[in-house]
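Each chain, written out:
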Amino acid sequence: MFRARILLIFAVLVTIFTPVRYRTVFAAENRTAEKLPADSQVVGALMQISAERIQVTIEKLVRFETRLTLSAQDPDAIKAGHGIGAAREWIKDEFARYSRDCGGCLEVKTDSFTESPAERVPKPTVITNVYALLKGTDPANSGRMVLVTGHYDSRNSDTLDASGAAPGANDDGSGTAVSLECARVLSQLRFPATIIFLAVAGEEQGLNGSQHFAKMAKEQGWDIEAVLNNDIVGGDRNSEQDPSRVRVFSEGVPLAATDAELRPIRNLGGESDSRSRQVARYIAEVGRTYEIGVKPLLVFRLDRYLRGGDHISFNQQGYAAVRLTEYREDYNHQHQNVRTENGIAYGDLARFVNFAYVAKVARLNAATLASLASAPAPPAKVRLQTKELENDSTLTWDASPGSSSYEVLWRETSSPEWEHVQATGNVTRATLPVSKDNVIFAVRAVDHQGHRSLPVVPQPER
Ligand SMILES: [Zn+2]
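Reading guide: rules and limits
Residues numbered from 1 in each chain as written. Predicted model: local features only at pLDDT ≥ 70, side-chain atom pairs only at ≥ 80, totals over all residues. Heavy atoms only, no water. Disulfide = S-S within 2.5 Å. Buried < 20%, exposed > 50% of the residue type's maximum accessible area, 1.4 Å probe, protein only. Salt bridge = Lys/Arg side-chain N within 4 Å of Asp/Glu carboxyl O. Helix = DSSP H or I, 4+ residues; strand = E, 2+ residues; numbered from the N terminus. Expected span 1.5 Å × (residues − 1). Contact = heavy atoms within 4.5 Å. Axes fitted to C-alpha atoms, helices over the stretch in contact; angles between N-to-C directions. Parallel < 35°, antiparallel > 145°, perpendicular 65-115°, else oblique. 1 Å grid on protein atoms, 1.4 Å probe; cavity = no way out; pocket = protein on both sides within 12 Å on 5 of 7 lines; lining within 4 Å. Points joined across faces, edges and corners; volume = space filled by probe spheres on them. Pairing = 2+ DSSP bridges.

### With respect to the state of the cysteines
Then comes step 1: Under the criterion given, the structure shown has 1 disulfide.
Then comes step 2: Here C102 connects covalently by a disulfide to C105, the sulfurs 2.0 Å from one another. Handedness of the C102-C105 disulfide follows from its S-S torsion of about -85 degrees: it is left-handed.
Then comes step 3: Here C102 falls in the buried class, since its relative accessible area comes to 10%.
Then comes step 4: For C105, a relative accessible area of 17% puts it in the buried group.

### Details of the pattern of salt bridges
When charged atoms on two side chains of opposite charge get close, those side chains can pair.
Then comes step 1: Applying the stated criterion across every chain, the model contains 24 salt bridges.
Then comes step 2: With its nearest N and O atoms 3.4 Å apart, the salt bridge here joins E240 to R328. One end of the pair, E240, is in the loop between β5 (223–230) and β6 (245–250); the other, R328, is in the loop between β8 (321–326) and β9 (339–341), with 88 residues separating them in the sequence.
Then comes step 3: Here E417 makes a salt bridge to R288, at a shortest N to O gap of 3.2 Å. Within this pair, whereas E417 is found in the loop between β13 (405–412) and β14 (420–425), its partner R288 is found in helix α10 (residues 275–290), the two being separated by 129 residues in sequence.
Then comes step 4: On the basis of relative accessible area, E417 is assigned to the partly exposed category, the value being 23%.
Then comes step 5: The network of salt bridges with common partners includes D231, R247, D303, R304, R307, R323 and E329.

### Quick look at helix α5 (residues 84–100)
Then comes step 1: The end-to-end C-alpha distance of α5, which contains 17 residues, comes to 24 Å, matching closely the 24 Å that a straight helix rising 1.5 Å per residue would cover.
Then comes step 2: Looking at the buried residues of α5, the elements they touch are α3 (51–62), α4 (75–80), β1 (106–115), β2 (125–134), α6 (169–186) and β4 (194–200).

### Notes on the packing of α10 against helix α12 (residues 355–374)
Then comes step 1: Running from N to C, α10 and α12 cross one another at 105 degrees; their axes reach a closest spacing of 9 Å. Taken together, α10 and α12 sit at an angle that is classed as roughly perpendicular. Between α10 and α12, the residues in contact are Y282, I283, V286, G287 and Y290 and L364, A367, T368, S371 and L372, respectively.

### Concerning the layout of surface pockets
Then comes step 1: Each pocket or cavity is described by its volume, and for the largest pocket that value is around 1,500 Å³.
Then comes step 2: Lining the largest pocket are 48 residues, and of these I265, D273, V457, P458 and Q459 sit closest to its centre.
Then comes step 3: When residues of the lining of the largest pocket are traced back to their parent elements, those giving at least two are β5, α9 (259–268), α10, β11 (383–385), β16 (439–446) and β17 (459–461).

### Things to note about the pairing of β6
Then comes step 1: Burial of β6 is extensive: 5 of the 6 residues sit out of reach of the surface.
Then comes step 2: In this sheet, strand β7 (residues 295–299) lies alongside β6 in parallel orientation, the contact comprising 5 bridges. Bridge pairing in β7 links V248 to L298.
Then comes step 3: Taken together, the 5 bridges between β6 and β8 define a ladder with antiparallel strand orientation. Looking at the pairing, V248 lines up with L324 of β8.

### Structural notes on the sheet that holds β17
Strands belonging to one sheet form pairs held by backbone hydrogen bonds; the direction of such a pair is parallel or antiparallel.
Then comes step 1: With mixed pairing, the 4 strands of this open sheet are ordered in space as β15-β12-β11-β17. In this open sheet, the two strands that pair with only one neighbour each are β15 (429–432) and β17. Within the sheet, the average angular offset between the axes of one strand and its neighbour, ignoring direction, is 30 degrees.
Then comes step 2: Examined bridge by bridge, β11 and strand β12 (residues 393–396) share 2 bridges and lie antiparallel to one another. If you follow R383 over to β12, its bridge partner there is T396.

Just geometry here; none of it tells us what the structure is for.
So, in structure tokens, the structure goes:
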């Protein structure tokens, strides 16, 4: 009895005098999936996103008759408002107009190059990506970037038909309109990190524009945390459409993973924890926080069968990138000559687009971009200690600039989304009474206003 009391006093003394970082042991089983706090500034911005504005943008893009990458871009065609050159100039002017409305806050730029002949490029062709940068206001965070993109080129039944009508209202006037509308609305706000609003060309000829842009970003060392590619987000008005959902495709095993990176993925069950997938989960969380009327449906694959998109160009360069696409595509309304056959209307026309749906998808994008650009950097060097066989789990990480605390997330290995969260306070080490053998962990940084970074899955450390 007396010995027990001595031991108890000893234990209490050890607990009191052990440095904090060594005794951050938490009770487990804190449920997550509750809604995170909404940022009132973001709520205000989302209300500015307008289905009418988006309709005007898409109808304008359709009026260039064709935006095939191989279509006209000479001065006469630009003047006449016909072909991809005219579309490019109009997008530039739109970005410039938004910039005038925010005191010159946007840097409007082009990334132009000549593509060599290839299967879908019969002769050397100038391809131009147009983008606007909203520079981050915090020197410690402005090097971090988040990017939204859509492709402004279009096609009809024949990818080489340079003059026939190719309205491309949904594919991908809708995604281009999302980039533009996000730029118009978010340029009214300021964020610590940088946001890039991009419209690429060459998608239908073989992702040429996005490949050039992603390579340039990689070569110049751009720290792009997330790429949101919107391609076919028009919510085609077919009877089986579900306008309450938008699909979010994300790669599992990263396309750019090296052999050395593949080994732990195979050994430790990391196939559903690419950084692209963390972006997809982040979008799902944003969707719960802001309730914008369209629910992200996470699809755990790179893209649809037989199809690809511009996010793949970024994945290939090692960037986290996802694709947003309407729930059910109507193949009569994409990559088709405009015509009526046996009473069926073919062609990618504006009248098949649900502009209110595009606006909801734009809100989901804007809320995600704003949340990431407001958040501190994801913690670096996140490690899971695996020196010993033990049932507790100890995680360590480097402090992240701008953060005031951290959270450890975890889920069962068979669960698609994070299930539990434990706030750790402002520390860089935490031990949880949860076996690392049974779950997947991640750590995220949190700032004073409650903005959360992307979570980072730890590397094992012995
Ligand atoms: Zn497309």
